[in-house]
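These are the residues of each chain, in order.
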Amino acid sequence: MNPTPKKIPELLSPAGTLRNLSYALAYGADAVYAGLPRYSLRVRNNDFDLANLAAGLAETHRQGKRLYLAANLMPHGAKLKTFIDDMRPIVELGPDGLIMADPGLILLAREQWPELPIHLSVQANTVNAAAVRFWQRQGLKRVILSRELSLAAVAEIRDACPDIELEVFVHGALCIAYSGRCLLSGYFNHRDANQGACTNACRWEYRLGAPAGDVPADEAQAGQGGEPDHRHEHADTEPAPARRHPAAESVYLLEEAQRPGDYMPIFEDEHGTYILNSRDLCAIEHVERLVAMGIDCLKIEGRTKSHYYVARATQAYRAAIDDALAGRAFRPELKRDLEGLANRGYTEGFYRRHAPSETQNYAYGASRNQRRIFVGDLSDAEPGWAEVEVRNRFALGDTLELMTPGGNRAFRLERLETLDSEPLEVAPGSGWRVRIPVPEPVGDGALLTRALESS
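These notes cover the structure that comes with them. Predicted model, so just to flag it, every value in this text is computed and none were measured.

1. Topic: helix α9 (residues 307-326)
One turn of the α-helix equals 3.6 residues, which is why residues spaced by three or four share an orientation.
Logical step 1: Look at α9: 28 Å from first C-alpha to last across 20 residues, which is about the 28 Å you get at 1.5 Å a residue.
Logical step 2: Counting buried positions over the 20 residues of α9 gives 17, a clear majority of the element.
Logical step 3: One or two residues past the end of α9 sits Gly-327, with phi positive at roughly 80°.

Here is the structure:
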C-alpha cells in the first residue's frame, strides 16, 4: 500500500509594506498577511491604506497566491461602531480572509459577510481541541494555535480536529505574555498592546539595584515616562548591586535605563524571577514533523521587519517545506542562514523542552560562524555588473553572497566602483550607490549579503 500523501502546507509570510509583500512572494511564500491600521495589532509602521491594499491584493492574486488581512485587536466600544463601515470597502477588494480574535468583531463580520473566510488569531489563545471545535461551529475556516503548545499537543489537536485548517507560527518574535496579551506597554506608556500600539517595553534595558539607603515599599513605584530609544548604550559605571527590598525577602527593585531613580518592585517566587525579554522563535528543524502531522499553514512573524528579513526567512522555510515534502532530511545550513538575521537569540519556544546536543550552539543566541549581514539591494547594470544601493559597509576582498529568488551564490569581491566607474576600496554604508561585478544577472528582488568573520 502506498503511504498517504503529505498535505502541502501553506507558507505564510508577513507583509508590513508593499515592498515586503513583493519580496515574500518572490522568495516562495504561498500567501502573505497584512494588517489594517485601525483594527490590527500593528498600527505603527503600516502603509496599507485602501490604495495600497488594492495594489497588494491585485499583485498577489495575479501570481495566484493569497492575501489575508489582520483585524485582530480587542476593540473598545468606539471601534465597534465604525467597524462595518470601515471594512466594507476593504472587503469589496476581495481579500482571501480576515484574521480575527475578538468574538464581538467576529460576530459582526459573520453577520455582514457570511461567506468571507475568517481565521482565528493567535491572540484568542487556542490551546485545546474543544476550543478548536467551538470556533469551527461558529463558521471559522482556520484556527491559528497558541504559541504555548508543544509539538505533541499540536499533533493531538490535529488528530482530534481533522476537518478544519490549523496554522502555527514557526519563526519570529515571542511575547512575554500569553500569546501576546501584554500589559507592560500600556502601564508604562499608556500605549495599549491589545489595541496595536505596543512599544516593546519588555525589550528595554533594565538594571536591578537601588539608590543608597533603604527605599520604603510605598516609594518603589514604576516610572511613567515616554518610550525610550530602541538601543541603549551601556552605562559607564557598574550598576548597583542587586538589593532586596526591605519590605520582603522576595522583592527586588528594577530600574529602566531611561528612567533613573524610578524603582519598580520585582517579585520572586520559589521558581525564581523572570525579567521581561524573550528570545525569538526559530522552529525550522521542526518543519518536517509539522508537515507530517498535516498542519495546513506555517507562519512567519514580522510585519515590522525589513524586506531582507522577509526574503531570507521565506527562502529558508520554503526550502525546509520542499525538503520535507520530498522526503529529504533537514539541512542544518538552513538554520545557519537564519542566523544572519537580526535576532535576540533563537529558541524553539514551547515546541520542545530541551534542544539536542548536536544543535546546542543555536540555543544561546547568534551562531559564531557562517553568519551574514545584509549590505545592499541590487539591480542590473551593464552585463556582468550590478548597481548596489548600499545598506551596510562592505569592501574589496569581502566574501559576498548574491541572494535571488532562484538561489544564492557566494563570491569574492575583486572590484568596486562608483556609478561613474571610479575605483573604490570600501562602500561605507547607507546612502551610497556603487557598482560591483556579479557572477550572474541579478534580476528582480536580488539582495547582497556579506559574510562576517568567524569568532
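2. A short note on the packing of aromatic side chains
Any aromatic ring pair is given by two values, namely how distant the centres are and how the planes are angled relative to each other.
Logical step 1: Under the criterion given, the structure shown has four aromatic pairs.
Logical step 2: Here Tyr-23 and Tyr-27 contribute two aromatic rings whose centre-to-centre distance is 6.4 Å and whose plane-to-plane angle is 10°, an arrangement assigned as stacked.
Logical step 3: Taking relative accessible area as the criterion, Tyr-27 reaches 3% and is therefore assigned buried.
Logical step 4: Note on Tyr-308 and Phe-374: the rings are 4.7 Å apart at their centroids and 10° apart in plane angle, and the pair reads as stacked. Of the two residues, Tyr-308 sits in helix α9 while Phe-374 sits in strand β14 (residues 372-380), which places them 66 residues apart along the sequence.
Logical step 5: For Tyr-308, a relative accessible area of 4% puts it in the buried group.

3. A word on the pattern of salt bridges
Logical step 1: Summed over the entire model, instances satisfying the criterion amount to 30 salt bridges.
Logical step 2: Between Asp-30 and Arg-318 there is a salt bridge, with its nearest N and O atoms 3.0 Å apart. On the criterion of sequence distance, the pair formed by Asp-30 in the loop between α1 (18-26) and β2 (31-35) and Arg-318 in helix α9 is long-range, its members being 288 residues apart.
Logical step 3: The class for Arg-318 is buried, based on a relative accessible area of 15%.
Logical step 4: Notably, a salt bridge pairs Arg-372 with Glu-401, separated by 3.9 Å at the nearest N-O pair. Of this pair, Arg-372 sits in strand β14 while Glu-401 is found in strand β17 (residues 399-404), placing the two residues 29 residues apart along the sequence.
Logical step 5: The class of Arg-372 is buried, set by a relative accessible area of 19%.
Logical step 6: A single network of salt bridges, built from pairs that share partners, joins Glu-10, Arg-66, Lys-141, Arg-142, Glu-165, Glu-167 and Lys-299.

4. Describing unusual backbone geometry
Logical step 1: The backbone phi angle of Asn-125 is positive, close to 60°, even though this residue is not glycine.
Logical step 2: For Asn-125, a relative accessible area of 16% gives the class buried.
Logical step 3: Of note, Ser-421 is a non-glycine position whose phi angle comes to about 70°, a positive value.
Logical step 4: By the element assignment, Ser-421 lies in the loop between β19 (417-418) and β20 (426-427).
Logical step 5: Residue class for Ser-421 comes out partly exposed when judged on its relative accessible area of 42%.

5. Quick look at the environment of Ala-155
Logical step 1: Secondary-structure assignment places Ala-155 in helix α6 (residues 151-160).
Logical step 2: Taking relative accessible area as the criterion, Ala-155 reaches 16% and is therefore assigned buried.

6. Details of empty space enclosed by the protein
Logical step 1: Under the counting rule described, the total for this entry stands at four cavities of 30 Å³ or more.
Logical step 2: Volume-wise, the largest cavity comes out at about 70 Å³.
Logical step 3: The wall of the largest cavity is formed by Leu-145, Ser-146, Arg-147, Leu-149, Val-154, Val-168, Phe-169, Leu-281, Glu-348, Gly-349, Phe-350 and Tyr-351.
Logical step 4: When grouped by side-chain class, the residues that make up the lining of the largest cavity number eight nonpolar, two polar and two charged.
Logical step 5: A volume near 50 Å³ is recorded for the second largest cavity.
Logical step 6: Lining the second largest cavity are Ile-284, Glu-285, Val-287, Glu-288, Ala-320, Asp-323, Ala-324, Arg-328 and Phe-330.
Logical step 7: Every element with two or more residues in the lining of the second largest cavity is listed here: α8 (287-292) and α9.
Logical step 8: By residue number, the principal contributor to the lining of the second largest cavity is α9, which donates three residues.
Logical step 9: Taken together, the residues of the lining of the second largest cavity sort by class into five nonpolar, no polar and four charged.

7. Focus: the sheet that holds strand β21 (residues 433-437)
Logical step 1: Reading across from one edge, β18-β17-β22-β14-β15-β21-β19 is the order of the seven strands in this open sheet, with antiparallel pairing throughout. Across the chains shown, the open sheet's two edge strands, defined by having one partner strand only, are β18 (407-412) and β19.
Logical step 2: Of the pairings in the sheet, the one linking β14 to strand β15 (residues 385-390) comprises five bridges and is antiparallel in character. If you follow Ser-379 over to β15, its bridge partner there is Glu-387.

8. Some points on the packing of α1 against α9
Logical step 1: With their axes 8 Å apart at the nearest point, α1 and α9 run at an angle of 20° to one another. Accordingly, the angle class assigned to the pair α1 and α9 is roughly parallel. Here the hand of the crossing between α1 and α9 comes out right-handed. Residue-level inspection shows Arg-19, Asn-20, Tyr-23 and Ala-24 of α1 in contact with α9, the latter providing His-307, Val-310, Ala-311 and Thr-314.
Logical step 2: Residues belonging to the contact of α1 with α9 are distributed by class as follows: four nonpolar, three polar and one charged.

9. Concerning the packing of helix α3 (residues 77-91) against helix α4 (residues 103-112)
Logical step 1: Running from N to C, α3 and α4 point in directions that differ by 40°, and their axes come no closer than 11 Å. By the angle between their axes, α3 is oblique relative to α4. Read as a crossing pair, α3 and α4 show a hand that is right-handed. Residues Leu-80, Phe-83, Ile-84 and Arg-88 of α3 touch α4, and the partners they reach there are Leu-105, Leu-108, Ala-109 and Gln-112.
Logical step 2: Counted by class, the contact of α3 with α4 contains six nonpolar, one polar and one charged residues.

10. Here we look at the pairing of β17
Logical step 1: Across the six residues of β17, five count as buried, placing the element largely inside the fold.
Logical step 2: Direction of pairing for β17 relative to β18: antiparallel, over a ladder of six bridges. Opposite Glu-401, over in β18, you have Ala-410 as the bridge partner.
Logical step 3: Hairpin connection of β17 to β18: two residues between the antiparallel strands.

Criteria and cut-off values
- Residues numbered from 1 in each chain as written.
- Predicted model: local features only at pLDDT ≥ 70, side-chain atom pairs only at ≥ 80, totals over all residues.
- Heavy atoms only, no water.
- Helix = DSSP H or I, 4+ residues; strand = E, 2+ residues; numbered from the N terminus.
- Expected span 1.5 Å × (residues − 1).
- Buried < 20%, exposed > 50% of the residue type's maximum accessible area, 1.4 Å probe, protein only.
- Phe/Tyr/Trp six-rings, centres within 6.5 Å; stacked < 30°, edge-to-face > 60°.
- Salt bridge = Lys/Arg side-chain N within 4 Å of Asp/Glu carboxyl O.
- 1 Å grid on protein atoms, 1.4 Å probe; cavity = no way out; pocket = protein on both sides within 12 Å on 5 of 7 lines; lining within 4 Å.
- Points joined across faces, edges and corners; volume = space filled by probe spheres on them.
- Nonpolar A, V, L, I, M, F, W, Y, C, P; charged D, E, K, R; others polar.
- Pairing = 2+ DSSP bridges.
- Axes fitted to C-alpha atoms, helices over the stretch in contact; angles between N-to-C directions.
- Parallel < 35°, antiparallel > 145°, perpendicular 65-115°, else oblique.
- Left-handed = near helix turned anticlockwise from the far one by under 90°.
- Contact = heavy atoms within 4.5 Å.

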